[in-house]
Structure formats: structure tokens, C-alpha cells
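Coordinate analysis (summary)
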Amino acid sequence: MKIGLVGYKGSGKSTLFEWLSGVSPDPSKTHSTQTAMAQIPEPRIADLCKIYSPKKVVYASMEIMDTPGLSRDQEGNPAALSHLREADYLVCIVPVFDGSDPQKEIDAFLEEMIFADLEIVLNRLERIKEQKKRPLAKDLQEKLSFELETLEFLKNSLEGGKPVPARDLSEEQYKATRSFQFLTEKDRMYLINTSDEEQDHAQYEKYSTPDCPVLAVSLRLEMELSQMAPEERESFLKEMELTSVDRDKILRTLMDNSGQMLFLTGGEKEVRSWLMRKNGTAIEAAGCIHTDFIKKFIRAEVIACDDLVRLGSEREVKAAGLNRREPKDYVIQEGDVLLFHIS
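Described below are features of the structure shown in this document. (Residues numbered from 1 in each chain as written. Predicted model: local features only at pLDDT ≥ 70, side-chain atom pairs only at ≥ 80, totals over all residues. Heavy atoms only, no water.)

Description of the sheet that holds strand β2 (residues 34-39)
- Ordered by their spatial adjacency, 6 strands build an open sheet running β2-β4-β1-β5-β6-β7, and the pairing between neighbours is mixed. Either end of the sheet is taken by a strand with one partner, and the two such strands are β2 and β7 (214-217). The average angle at which neighbouring strand axes cross in this sheet is 25 degrees, direction not considered.
- In this sheet, strand β5 (residues 89-95) lies alongside strand β1 (residues 2-6) in parallel orientation, the contact comprising 4 bridges. Residue Val6 lies in a different strand from β5, and its bridge partner there is Cys92.
- Relative to the sheet, helix α1 (residues 13-21) contacts β1, β2, β4 (61-66), β5, β6 (188-193) and β7, its axis offset from that of β2 by approximately 40 degrees. (Pairing = 2+ DSSP bridges. Helix = DSSP H or I, 4+ residues; strand = E, 2+ residues; numbered from the N terminus. Axes fitted to C-alpha atoms, helices over the stretch in contact; angles between N-to-C directions. Contact = heavy atoms within 4.5 Å.)

Looking at the side chain of Glu326
- Along the chain, Glu326 falls in strand β11 (residues 324-326).
- Separated by 2.9 Å, the side chains of Glu326 and Arg324 make a polar contact.
- The contacts of Glu326, once residues within four sequence positions are left out, are Phe297, Arg299, Ala300 and Val302. (Polar contact = N/O pair within 3.5 Å; in protein donor to acceptor, adjacent residues only side chain to side chain.)

Brief notes about the nonpolar core
- Leu16 and Val91 are the most contacted members of the largest nonpolar core, which has 27 residues in total.
- With near-sequence residues (within four places) excluded, Leu16 lies in contact with Leu5, Val91, Ile93, Leu191 and Leu219.
- Judged by nonpolar contacts, the second largest core, of 25 residues, contains Ala80, Leu90, Ala116 and Tyr204. (Core = buried A, V, L, I, M, F, W, Y, C linked by side-chain atoms within 4.5 Å. Buried < 20%, exposed > 50% of the residue type's maximum accessible area, 1.4 Å probe, protein only.)

Focus on helix α9 (residues 247-257)
- Inspection of α9 places Ile250, Leu251, Thr253, Leu254 and Met255 among the buried residues, and these make up the whole buried set.
- Here α9 starts with a cap whose side-chain oxygen sits 3.1 Å from the backbone nitrogen of Asp248, and that cap is Asp246.
- The positive-phi residue at the C-terminal boundary of α9 is Gly259, with phi of around 80 degrees.

Observations regarding the environment of Glu301
- Here Glu301 shows up in strand β10 (residues 297-304).
- For the pair Glu301 and Val337, spaced 36 residues apart in sequence, the C-alpha separation works out to 8.3 Å.
- Of the polar contacts made by the side chain of Glu301, one reaches the side chain of His341; its length is 3.2 Å.

Details of the layout of surface pockets
- Put simply, the largest pocket is a space of about 420 Å³.
- Contributing to the lining of the largest pocket are 27 residues, with Lys13, Thr30, Thr67, Pro68 and Gly69 lying nearest its centre.
- Sorting elements by how many residues they give to the lining of the largest pocket places α1 first, with 3 residues.
- For the lining of the largest pocket, the residue count by class is 6 nonpolar, 15 polar and 6 charged.
- The volume enclosed by the second largest pocket comes to roughly 350 Å³.
- Split by residue class, the lining of the second largest pocket holds 5 nonpolar, 2 polar and 6 charged. (1 Å grid on protein atoms, 1.4 Å probe; cavity = no way out; pocket = protein on both sides within 12 Å on 5 of 7 lines; lining within 4 Å. Points joined across faces, edges and corners; volume = space filled by probe spheres on them. Nonpolar A, V, L, I, M, F, W, Y, C, P; charged D, E, K, R; others polar.)

Quick notes on empty space enclosed by the protein
- Counting across every chain of the model gives 1 cavity of 30 Å³ or more.
- Here the largest cavity is characterised by a volume of approximately 30 Å³.
- Leu5, Leu16, Leu20, Val91, Met189, Leu191, Ile250 and Leu254 together form the lining of the largest cavity.
- Looking at the lining of the largest cavity, the elements that each hand over two or more residues are α1, β6 and α9.
- Residues that form the lining of the largest cavity fall into these classes: 8 nonpolar, no polar and no charged.

A few points about helix α7 (residues 219-226)
- All buried positions along α7 are accounted for by Leu219, Leu221, Glu222, Met223 and Leu225.
- Where α7 is buried, its residues touch α1, β5, β6, β7 and α8 (230-240).

What about the packing of helix α4 (residues 102-132) against helix α5 (residues 138-159)?
- Across the interface, α4 lies against α5 with an axial gap of 9 Å and an inter-helix angle of 150 degrees. With respect to α5, the axis of α4 lies roughly antiparallel. Our pair here, α4 against α5, has a crossing hand that is left-handed. Facing α4, whose interface residues are Ile114, Asp117, Leu118, Val121, Leu122, Arg124, Leu125, Ile128, Lys129, Gln131 and Lys132, α5 presents Gln141, Leu144, Ser145, Glu147, Leu148, Leu151, Glu152, Leu154, Lys155, Leu158 and Glu159.
- Broken down by class, the residue content of the contact of α4 with α5 amounts to 11 nonpolar, 3 polar and 8 charged. (Parallel < 35°, antiparallel > 145°, perpendicular 65-115°, else oblique. Left-handed = near helix turned anticlockwise from the far one by under 90°.)

What about the packing of aromatic side chains?
- Following the criterion strictly, the structure yields 6 aromatic pairs and no others.
- For the pair Phe109 and Tyr190, a centre-to-centre distance of 6.3 Å together with 45 degrees between the ring planes defines the contact as tilted. In this pair, Phe109 is assigned in helix α4 and Tyr190 in strand β6, connecting sequence segments 81 residues apart.
- On the accessibility criterion, Tyr190 (3% relative accessible area) is buried.
- The ring of Tyr8 carries Arg72 above its face, with NZ or CZ at 3.9 Å from the centroid.
- Against the face of Trp274 rests Arg272, its NZ or CZ located 4.0 Å from the ring centre. (Phe/Tyr/Trp six-rings, centres within 6.5 Å; stacked < 30°, edge-to-face > 60°. Lys NZ or Arg CZ within 6 Å of the ring centre and 35° of its normal.)

What follows is the structure, encoded as C-alpha cells:
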């Protein structure tokens, strides 16, 4: 899972990158990308460690990608945005600490992404039209004609100021265009970067939509707080009558909004959390551990973490009849502790 951060220069984008990942931005990568892994918090890991006393503990991570800051005059923005096409999920940083209008900033982001997608579509349309002028095999002519028709449909939507209508595409149309990795069809959220003094973060909830949720954070304040000792941090917040936003909550929100979830494995050698897509199946979870498990999958043994923690051991869980053996199409539930049987 790769989370792409995007924002105008000075928005606080690189501050968010450092706050989430703990890695300082590299000045030499201002015009390219920088990536780092951010561990996803999972409090149940500590409970499993009490049961298994493992030699090793591993938390699932997501990749955070910092990208070049966008220019307000739009110069070079399509090239800067192109780095985000490989991202699975986008976080758009909206600065309001300078009094900017959040809705105008959100609209500006959408316009930038629409323009970048439109440029891709127009370039491809031009190439197809040139190709079709040459003698081609019938099947290739038909393939190009279908792609041309699909891209004309997308062009009309983008020129009308609307994102790529992915939900309106047929399966064949989606297959014909998925390699373009359109920005406007990617799931995304907006992070409102407020002033240090701003405490009414709830006021920004009105900018949320079902497709694009909004969170409000003072990134500079949170970055400074993260560098303080716990006692110093608590004293500072109390003295200044401020509240802090939990970094772990942000990471869990990113995981949830991007359609991901965690499952767990436990034993004396290792206790570990694993990242996978929501509503994924047992065989997909097995593939997260090792691709060979997909071919050799027999079944998954499943225990609910709450039952395991409550009863204190796998033996007690099994004695209570609370363990289950599930086939490859079993849909993994949040908090499942899994053991895979393979051939």
C-alpha cells in the first residue's frame, strides 16, 4: 500500500511526511520523490506478546510517498503530479493556517488533477489517430477504435470539469484505460493544515464527502509535539490549553479510508500484523505471507483475537470450541488471528 502526499509548495506536505514516517525530508529530492515506511499501530500486538512471548515482533507498514510541491501558477504541475500515478491512495494537504478558503483549495486540487488527466487523454488520442492512418490488421484497428471511443468519453467528462467517471466505465473500457492510472479516479482524502492556535477542527467536517473524507490537523504543532518528551508534551499542552491529534489515529484512518485492514499471526517465533484489502479472502491473506502459500493452500485456522486474549491461550480457545477451520474463500474479519495449513 503506497500513500501519495500532494500539496502546493509551503502547504506542510513534507512536514506530514516526516510526522507520519519519522524520516526527515531529503533536500536533494525536492524535485523527485522520497518514500519511507510508516508502521501501522495495532494495540492487540501487545496482548498477543503476553500470550506467546515471541522472539520477534513485526508491525504492518504502509509506504508514504512525498512528491514535489505544486506551483500556484501551474507551471510544471502535470510533471509533478505524474509521480502520484503509482500511488494507491492520495492525501491532499490543504493549508488554511494563512486564512485560505478550504473549499477553494480543495477545488484547486481537483482542477490540477483534472488537467493532468486531460493531458494524458489528449496525448493518447493524438497517438491513436496517427496510428489509425496507417494500414493495420483488422483486430488492431478494432482495438484502437474501441480505445478511441472510450478516451473521447473521458475527454468530454474532463473538459466539463468532472473527474474520470470510473464507475460509469464497462469492464472492457476500464481494462483499456487502467494503465493510465488516472489521478481523478484514485481514492483520496483531504488533510486540512490549520494554525497552531486552531482548536475547532470539527468546523472542517462540512467539507467531507462520502468519496473524499476530510481531517483537520495543525501539522507544525504536531511535529513539534512529537519531538518532545512525553512529560514535556503534556505540560505544554496543558499550559497552552491545546489538544493534540493522535498520529496513530491518522495512520489507522489512512489504512481504513484506503480500503485496507489488518489480520494477525502469532507464535513463539513471531507475532505480526499484516496489511490486506478489506473483504479479502483467506487465500489472499495467505499470499500476503508468501506467494507460495497460494498454490499450496489447504485451509486457514481462525481464532478471534478477543477470544484468544480473553481465554489466554490457543489451547483454551480450542477447548471452548472457538477456533474455526475455513476454506480459501473465507472473508477475513478485522482482528482474525490466522494459522495457515499448506501442502
